[in-house]
Amino acid sequence: MTSSPRFRTPAIAACLVSAVSLIALFITLDNAVVVINFGALIAFSVVNLSVVKHYPVDKGRRIGCDLLFYGLLPIVGFALTLWLWTSLEGITFKVGLCWMLAGFLYLLFLTRLFSRKPPVMSFSEDQAAAVTAPAAEEKAVPRS
């Protein structure tokens with residue numbers, strides 16, 4: 001990801017988000033809620049399934065309270081999310097799936113039709129410290 005050399009922020013991403021946010025000028029609140037509902041339910045579904053895969057399946061935590069907290073409760077959460085899917089209107093699926101298609105097309109573009117690896121997001125503290133640390137050549141600006 002490229003950053004602004006002056007502000008060390010993802011300038012292109014900020015401009016893109018700003019441009020997409022301008023859509024709010026032309027859609028109704030009901031249409032915005034449709035997109036948010038779809039995205040939120042996708043996120044909740046994936047989080048619940050990820051917990052089940054990570055702890056009981058990958059880590060083998062299948063005993064006592066671990067099975068309850070990392071197995072049963074996320075499965076119940078996923079089932080409730082499935083129940084909420086049934087209450088969504090048809091337009092929600094149309095808009096949500098179009099948005100997912102746009103994201104998939106962007107992934108195809110980034111990976112050059114999967115001939116390159118997709119970008120990986122890292123959450124390491126070392127990398128975060130390197131990004132937030134001021135550059136050596138910058139001088140501290142006194143505050144008044």
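The structure presented is a predicted model; accordingly, all values stated were derived computationally and were not measured. (Residues numbered from 1 in each chain as written. Predicted model: local features only at pLDDT ≥ 70, side-chain atom pairs only at ≥ 80, totals over all residues. Heavy atoms only, no water.)

1. Some points on the layout of surface pockets
Link 1 in the chain: Taken as a whole, the second largest pocket spans an internal volume of roughly 280 Å³.
Link 2 in the chain: What lines the second largest pocket is a set of 13 residues, and nearest its centre among them are Ile-23, Ile-27, Asn-31, Ala-32 and Val-35.
Link 3 in the chain: The greatest single-element share of the lining of the second largest pocket, amounting to five residues, is contributed by helix H2 (residues 29-58).
Link 4 in the chain: When its residues are assigned to classes, the lining of the second largest pocket shows eleven nonpolar, two polar and no charged. (1 Å grid on protein atoms, 1.4 Å probe; cavity = no way out; pocket = protein on both sides within 12 Å on 5 of 7 lines; lining within 4 Å. Points joined across faces, edges and corners; volume = space filled by probe spheres on them. Helix = DSSP H or I, 4+ residues; strand = E, 2+ residues; numbered from the N terminus. Nonpolar A, V, L, I, M, F, W, Y, C, P; charged D, E, K, R; others polar.)

2. Description of the packing of H2 against helix H4 (residues 90-110)
When two helices pack together, their arrangement is given by the angle between their axes and by how far apart the axes lie.
Link 1 in the chain: Contact geometry for H2 and H4: axes closest at 9 Å, N-to-C directions at 70°. Relative to H4, the element H2 lies roughly perpendicular. For the element pair H2 and H4, the recorded crossing hand is right-handed. Here Val-34, Val-35, Phe-38 and Ile-42 of H2 come into contact with H4, specifically with Ile-91, Thr-92, Phe-93, Val-95, Gly-96, Leu-97 and Met-100.
Link 2 in the chain: Looking at side-chain class alone, the contact of H2 with H4 contains nine nonpolar, two polar and no charged residues. (Axes fitted to C-alpha atoms, helices over the stretch in contact; angles between N-to-C directions. Parallel < 35°, antiparallel > 145°, perpendicular 65-115°, else oblique. Left-handed = near helix turned anticlockwise from the far one by under 90°. Contact = heavy atoms within 4.5 Å.)

3. Quick look at the side chain of Thr-81
Link 1 in the chain: Mapped onto the fold, Thr-81 is located in helix H3 (residues 64-85).
Link 2 in the chain: Looking at Thr-81, the relative accessible area reads 5%, which means it is buried.
Link 3 in the chain: Excluding its chain neighbours within four sequence positions, the residues that come into contact with Thr-81 are Leu-41, Phe-44, Ser-45 and Asn-48. (Buried < 20%, exposed > 50% of the residue type's maximum accessible area, 1.4 Å probe, protein only.)

4. Focus on the environment of His-54
Link 1 in the chain: Within the secondary structure, His-54 sits in helix H2.
Link 2 in the chain: According to the relative accessible area criterion, His-54 is partly exposed, its value standing at 34%.
Link 3 in the chain: Along the chain, His-54 and Tyr-70 lie 16 residues apart, while their C-alpha atoms are 8.6 Å from each other.

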